[in-house]
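A closer look at the structure
Residue-level listing of the chains:
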Amino acid sequence: MTQLIQTILNGVLIGGIYALIAVGLTIIFGVLKIINFAQGEFLMVGMYISYTLYMLFNRSVSSYLLIIPVAVIMFLFGVLIMKLLINPVLGKGDSAYILLTIGLSYLLQNVAQGIWTANFLSINSPIKTSSFLIGDFIIPLAKFIAFCAALALVFLVHIFLKKLDIGRAIRATSESRDIAQLLGINPKRMFTVAFALGVMLAGTAGGLLIPVYSVYPRLGVTFSTIVFAVVVLGGLGNIKGALFSGILVGVVETVVGTYWSVNLAPIVVFVLFIAVMLFKPNGLFSKGGVKL
Amino acid sequence: MKRKIAWLLLICMFIFMFAACVDPQTTDVSGTEDTNTADDMQNEDSVGSSDTVKFAIVAPLSGSSADWGNEAVNGAKLAEKFINDAGGIQSLGGKKVEMVVTDSTSDTTQVATIMERVLTGDQYVATMGLCTSPLATAAMPVAEKLKVPLFMNGTSIDFMEKGYQYAFRITPGSPEYTEAQVGLLKEFQDKYGMSANKIGVIYENTNWGVSQSEPTKTMVEEAGFTVNVFESYTPNMSDASALVTKLKNAGSEIVFVMSQPADLKLILNTMETVKYDPLVIGGGGAFLFNSLYEELGEKTQGIITVGATNWTNAYLDANAECKAVVDAYESEYGHFMNDHAVQTFVQIMLVVEALENTGKADGESVRNSLINDTFTNVYTRMIQPGVDIKFAENGDLLPYALMLQWQDGKPYVIYPSDASTKDIIIPEQLVK
């Protein structure tokens, strides 16, 4: 039983990491109705920026302290991408978004390879192998920090969308662009803020993961597939759903990998995904429609 | 329109600003200074002068196999220096040799195209540098078609059984690797009273991992051990906790690992995080690189792995000329001469001897000499203990493998005893 609980705890922690990446993706869909196929690459860019800042400071500053400048840089990067690439295709149909974001993902991979080479880069951090005990259970510190950050970010995004005027404006725009416009809300500006927020969250996730993983240009592909499953399972546009489904996917993957086969774990996850789509196409935690 | 152009220029500025802040020469896997100068040597489109005998060094200098490839290029460049300083190829009137370096990438879908472009661009007497079985497998048909001997460093048995006339290998195959690993474990049992019996085998599900893991399982069980975990994983995994937890739950006392650098670090770090401390026996690969020491530092002390060659062994150390090679390598590149660097260096020396035998600088003549002649040049001591080299009909050599142990930041041979240069640091797991 102890081993099972430890396995589930491991799954919860890796699920938190999936949720961390998924939250940004689900916000972008919730507001702009765009499935962003470059979200994994935004994570990758965030990790590279963290690594670069870490090296610029001569490894003397903790990578966790660099999360704030990384978040700011990624927010501005999101604004740039929105203004230059997304705005021209707004309202032009789903295929335009899909093709654009797929092209953007390849562009970012190749730009990253050109700047940082294709080699695997990582930072040396004592946190990487640190852990603490809760009773008989070992909790890896780096993953615990990422998990707590995921909870905090979901909470902060929830507060932002519910309590702040700009958040309410974003929600209004996501529900009805025309009515929002009649109320004096600038939809384009709200779309920009939402998209940049989604990119910022992916980049922030990168800053939290660089102590754990090596970064390379195709890192985004490693996470993208599972994160899409998380977002869809949670309900597109459902932030709390992304958190819970991330944890669910992490637990399923880890339990199957530990007690059955590591190679079968992703297969089981996607069988679950297909089963949910057949019976609850709007996702496990969605009652239909978009809920931010 | 003007605003769009302005945004585009702003993005370009953003990208170039970052490119200026990042110097690829000083970034590496562990975030430490990169002492590797192989990037400086890459010369993708150069064909060199017609007064030189050219070797095509097609090696992965980017991607997951870059560690391998960079070391191979370093070994090649050192060989170039040694050969040319000694007066070049005497039978060809003292012609110098030239290593023409190309990045094969680590992508098996690209390597054949790259090899074709290289080998059709000029005349080469041999090609080496493809350090993994999948890369060599993808490129071999091109070398075969163009009649250029290709030396591969991988362990796949299948590769050498495909009937290629121009395929060569000077390193052990998977069974020889496993024989060494099992031999060491038996020695631990006999000499040190090791009682550990449960073995976990984890490997990446690539050609290399699969080809090495299967004979490992068979031979380990034949030696009386119990394989209680036999698990593959997809490379570049996002989480190793399931794999490590499985090993820990099963009580595997010894773990055989066949892994590339990024996954190996994830696995070892995860083991440390969950306080799981088995005796890890490396399957070569990422266990043989200086970057492991850069990543783990003092934690490498006592790590054991199998290897094909090493910068030091009893036979190499006893020969001044061989010793001069490894000393020159360390002096030039700032770290010990890795397995792949040694292999590439010796491969080139064998081809040079073939050129001296034939007096002809073409791939077909070199190939015929490699198959028909016995090789006696002094550098063979770096891979074989004092015996002359004779390739089998299929181009394979199959020397015995070595067991290495990391001590004080470098790997040393600890088994077999006639090749060893250091006493074994008894693994803590054996004295529990």
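About the thresholds
- Residues numbered from 1 in each chain as written.
- Chains lettered and ligands numbered in written order.
- Predicted model: local features only at pLDDT ≥ 70, side-chain atom pairs only at ≥ 80, totals over all residues.
- Heavy atoms only, no water.
- Helix = DSSP H or I, 4+ residues; strand = E, 2+ residues; numbered from the N terminus.
- Rg over C-alpha atoms; globule rule 2.2 N^0.38 Å.
- Buried < 20%, exposed > 50% of the residue type's maximum accessible area, 1.4 Å probe, protein only.
- Pairing = 2+ DSSP bridges.
- Right-handed = clockwise from strand over helix to strand, strands pointing away.
- Axes fitted to C-alpha atoms, helices over the stretch in contact; angles between N-to-C directions.
- Contact = heavy atoms within 4.5 Å.
- Phe/Tyr/Trp six-rings, centres within 6.5 Å; stacked < 30°, edge-to-face > 60°.
- Lys NZ or Arg CZ within 6 Å of the ring centre and 35° of its normal.

On to the overall build of chain A. Along its length, chain A carries 11 helices and two strands. Listing each helix as α and each strand as β along chain A from the N terminus yields α-α-α-α-β-β-α-α-α-α-α-α-α. Over its C-alpha atoms chain A spans a radius of gyration of 19 Å, differing by no more than 12% from the 19 Å that the globule rule assigns to 292 residues. When the backbone C-alpha atoms are referred to their principal axes, chain A occupies close to 60 × 50 × 35 Å. Counting every position in chain A, which comprises 292 residues, the buried fraction comes to 61%.

What follows concerns the pairing of strand β2 (residues 96-103) of chain B. All names here are of chain B. Burial runs high along β2: seven of the eight residues are buried. Taken together, the eight bridges between strand β1 (residues 52-59) and β2 define a ladder with parallel strand orientation. Bridge assignment links Ala56 to a residue of β2, and that residue is Val100. Once you follow β1 into helix α3 (residues 66-85) and on to β2, the crossover reads as right-handed.

Okay, the sheet that holds strand β11 (residues 402-407) of chain B next. Residues and elements named next belong to chain B. Judged by pairing direction, the sheet is mixed, and its seven strands sit side by side in the order β7-β6-β8-β9-β10-β11-β12 without closing on themselves. The sheet terminates laterally at β7 (226-233) and β12 (410-415), the two strands that pair on one side only. Strand-to-strand twist in this sheet, taken as the mean axis angle between neighbours without regard to direction, amounts to 25°. Summarising the sheet, β11 and β12 pair through five bridges and their orientation is antiparallel. Note on β12: the bridge partner recorded for Leu404 is Val413. Across the sheet, helix α10 (residues 261-273) is in contact with β6 (198-204), β7, β8 (254-258) and β9 (279-282); its angle to β8 comes to roughly 160°.

Here the focus is the packing of aromatic side chains. All names here are of chain B. Going through the model one piece at a time under the given rule, you end up with 20 aromatic pairs over all chains. A ring pair is formed by Phe82 and Phe345, whose centres lie 5.7 Å apart and whose planes are at 85°; its orientation type is edge-to-face. In this pair, Phe82 is assigned in helix α3 and Phe345 in helix α14 (residues 339-358), connecting sequence segments 263 residues apart. Take Phe82: its relative accessible area is 22%, and that puts it in the partly exposed class. With centroids separated by 5.4 Å and ring planes inclined at 80°, the aromatic side chains of Phe168 and Phe391 adopt a geometry described as edge-to-face. One end of the pair, Phe168, is in strand β5 (residues 167-168); the other, Phe391, is in the loop between α15 (363-372) and β11, with 223 residues separating them in the sequence. Just as Phe168 is buried, Phe391 falls in that class too. A network of ring pairs unites the aromatic residues Phe151, Phe168, Phe375 and Phe391 as a single cluster. The positively charged end of Lys217 is found above the aromatic ring belonging to Phe230, 5.6 Å away from the centroid. The side chain of Lys410 reaches across the aromatic face of Trp311, ending 4.6 Å from its centre.

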